[in-house]
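# Survey of secondary and tertiary structure
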Amino acid sequence: MNAHRPVHRVAIVGTGTIGASWATHYLVRGFDVTATDPAPTAETALRAYVEAAWTAAASIGLAPGASPDRLSFTADLRQAVADADFVQENAPERPELKVKLFADIDDASPPDAILASSSSGITMSVIQAECRRPERTVIGHPFNPPHIVPLVEVVGGTRTDPETIRDVMAFYAAIGKKPVHLKKELPGHVANRIQAALYREVVYLVQEGVLDVADSDDAVSWGPGLRWGVMGPHLLWHLGGGEGGIQHFMETLMPRMVASWQDLGTPEFTPELQQTIVAGVLDEANGHSVDELADRRDAMLSALLTVRARHDSPGRTADPVTQEGT
C-alpha cells in the first residue's frame, strides 16, 4: 500500500454532535478542516457549535496558529475529501449508508489518505466491504464529546493494513487523544460495552427500589467514578491489594468478587421503569437545561484533565507520526 501522507488537512464527513465536536478538536489542534453534511442548516449549526465549544477545547490544548477561521464547509462530499490527508466520518449508524459512503469517500479521496469512522457499533469489516482501498480504513471511535474526552477506540477490519493501525494510533496520540487498540472487532467496541454493563446494574437497583435515580448517580460519580477518573479498575485493584498488590488482590479478594457476579441483576425494562427514570432525571436536573448541564460537565472534565496532566506519568506512548497540524 502507499505510505500515508503527512496530515495537514482533515475532512469531517457528517457534522452532527460528534462530527462538530471532532471538527472543534482538529481546529484547536491547528489543522485546516473541511466539513461536509447534506443537511440544509448543517453549516450554521456547525459554526455555532465550534464557537460555543472553543473556549473549553482550547483550555485543554491550543496549537500555534489554531483558529476557527481555518474551517471551511461544502455540501459536496467529493470536494470535501478531495485534498484531505485524514478523513473522520460521523454519519448515522446505518450499515447500508456507511458502506456506500465509505466507498464514495474511498473513490474521491487521495489514495494515501487515511479514512477513519467514528462508528459506535458497526464494524470496519462491514463498512469497508465495497472500498477499492480497504487497507487504509479504520474505526476511530471517540467518547463524547471528542473535543474534551481523550479516549479513541481504534480497530481495523479484516482488510485493514496493520500499518494503518500503527499510524492512526500515533496520529491520535500526537493530537492529544488517548487511543486504545482493540485487537478484535466486536459490536459496540469496548467503552460502550463497559458503560452498558454498569448501567444495567444501576437500572436494576432502581427497579428493585434500592436507590432512587439521583442517589444511584451519586453512588457512581462520587465513588467508583471518581476513582476511575484517575485510574482504571485493574490498577485500582493493584492498590486495593495493599503491599501485596494485584497478586494479593487476586488471591484473597477476587474470589469474593467473582462470587458476587452471580447476584448482579438484569432489569425488566418496563414502561413504568422508563417513566421512573425519566421523572428521576428531570428532578435531579432541577430545571437546568441540557446545554447548561453539558457546560457544567465539560468545565469539570477540562479541570480534571488539567489535574491529570500535572500528575500523570507519561505511560505508554505510540510511535511518532509525521504531521504538521500541531
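Computed from a predicted structure; not experimentally measured. Numbers given to residues run from 1 along each chain, matching the order in which its sequence is written. Local features in this predicted model are restricted to residues of pLDDT 70 or higher, and side-chain atom pairs are both shown and tallied only at a pLDDT of 80 or more, whereas totals for entire chains, interfaces and linings draw on every residue. Only hydrogens and water are set aside; all other atoms, that is, all heavy atoms of the structure, feed into the side-chain values.

In this section: helix α13 (residues 290-311). A run of DSSP states H or I qualifies as a helix once it reaches four residues; a run of E qualifies as a strand once it reaches two. Both are numbered from the N-terminal end. A helix's residues, less one, multiplied by 1.5 Å, set its expected span. The end-to-end C-alpha distance of α13, which contains 22 residues, comes to 31 Å, matching closely the 32 Å that a straight helix rising 1.5 Å per residue would cover. By the burial criterion, the buried members of α13 are D298, S302 and L305. The buried residues of α13 occupy an angular sector of 65° when the element is viewed end-on, so they sit on one face. For α13, the exposed residues set more than 90 degrees away from the buried face come down to A299, M300, R310 and H311. Relative accessibility under 20% of the residue-type maximum defines a buried residue, over 50% an exposed one, and the middle range a partly exposed one, all with a 1.4 Å probe and only protein chains included. Comment: arc refers to directions from the helix axis out to C-beta atoms.

Below, the discussion takes up helix α1 (residues 17-28). If you check α1, its first and last C-alpha atoms are 17 Å apart, about what twelve residues at 1.5 Å a residue would give, namely 16 Å. Judged by how many residues are buried, α1 sits mostly within the fold: ten of twelve residues are covered. Listing the buried residues of α1 in full gives G19, A20, S21, W22, A23, T24, H25, Y26, L27 and V28. Positive phi shows up at G30, right after α1, with a value of about 95°.

Time to look at the pairing of strand β1 (residues 9-13). Two faces make up the sheet, and in a regular strand the side chains alternate between them. Counting buried residues along β1, four of its five residues qualify, which places the element largely inside the surrounding structure. Pairing geometry for β1 and strand β2 (residues 32-36), over five bridges, is parallel. Directly across from A11, in β2, lies its bridge partner T34. Convention used here: a crossover is right-handed provided that the path from the first strand, over the helix, to the second strand proceeds clockwise when the strands point away from the viewer. Crossover β1 to β2 through α1 is right-handed. Any two strands between which DSSP finds at least two bridges are classified as paired. Pairing of β1 with strand β4 (residues 86-89) involves four bridges; the strand directions are parallel. Looking at β4, one finds that V13 is bridged to E89.

Next up on the list: the nonpolar core. Y26, V33, F86 and Y172 are the most contacted members of the largest nonpolar core, which has 33 residues in total. Contributions of two or more residues to this core are made by β1, α1, β2, α2 (42-60), β3 (71-73), β5 (114-117), β7 (151-155) and α6 (162-174). Throughout, a contact is declared for two residues whenever any of their heavy atoms are within 4.5 Å. If we ignore the near neighbours within four places in the chain, the residues touching V33 are V10, I12, A23, Y26, L27, R70, L71 and S72. Core analysis: the second largest hydrophobic core is formed by 20 residues, V13, L101, I122 and V155 among them. Buried residues of nine kinds, namely Ala, Val, Leu, Ile, Met, Phe, Trp, Tyr and Cys, make up a nonpolar core once their side-chain atoms join them within 4.5 Å.

The next subject is the side chain of H25. Tracing the chain through its elements places H25 in helix α1. H25 gets classed as buried once you look at its relative accessible area, which sits at 5%. Ignoring any residue separated from it by four or fewer positions in sequence, one finds H25 in contact with P146, H147, I175 and K177.

This part takes up the sheet that holds β1. Sheet strands line up and pair through hydrogen bonds in the backbone, either parallel or antiparallel. With respect to topology, eight strands assemble into an open sheet ordered β3-β2-β1-β4-β5-β6-β7-β8, the strand pairing being mixed. Of all strands in the sheet, those bounded by a partner on one side alone are β3 and β8 (178-181). Pairwise comparison of adjacent strand axes, ignoring direction, gives a mean angle of 25° for this sheet. As judged from the four bridges shared by β4 and β5, these two strands associate in the parallel manner. By the bridge assignment for β5, Q88 is matched with A116. Every axis in this analysis is a line fitted to C-alpha atoms, fitted for helices over the stretch in contact. Angles between the N-to-C directions lie between 0 and 180 degrees.

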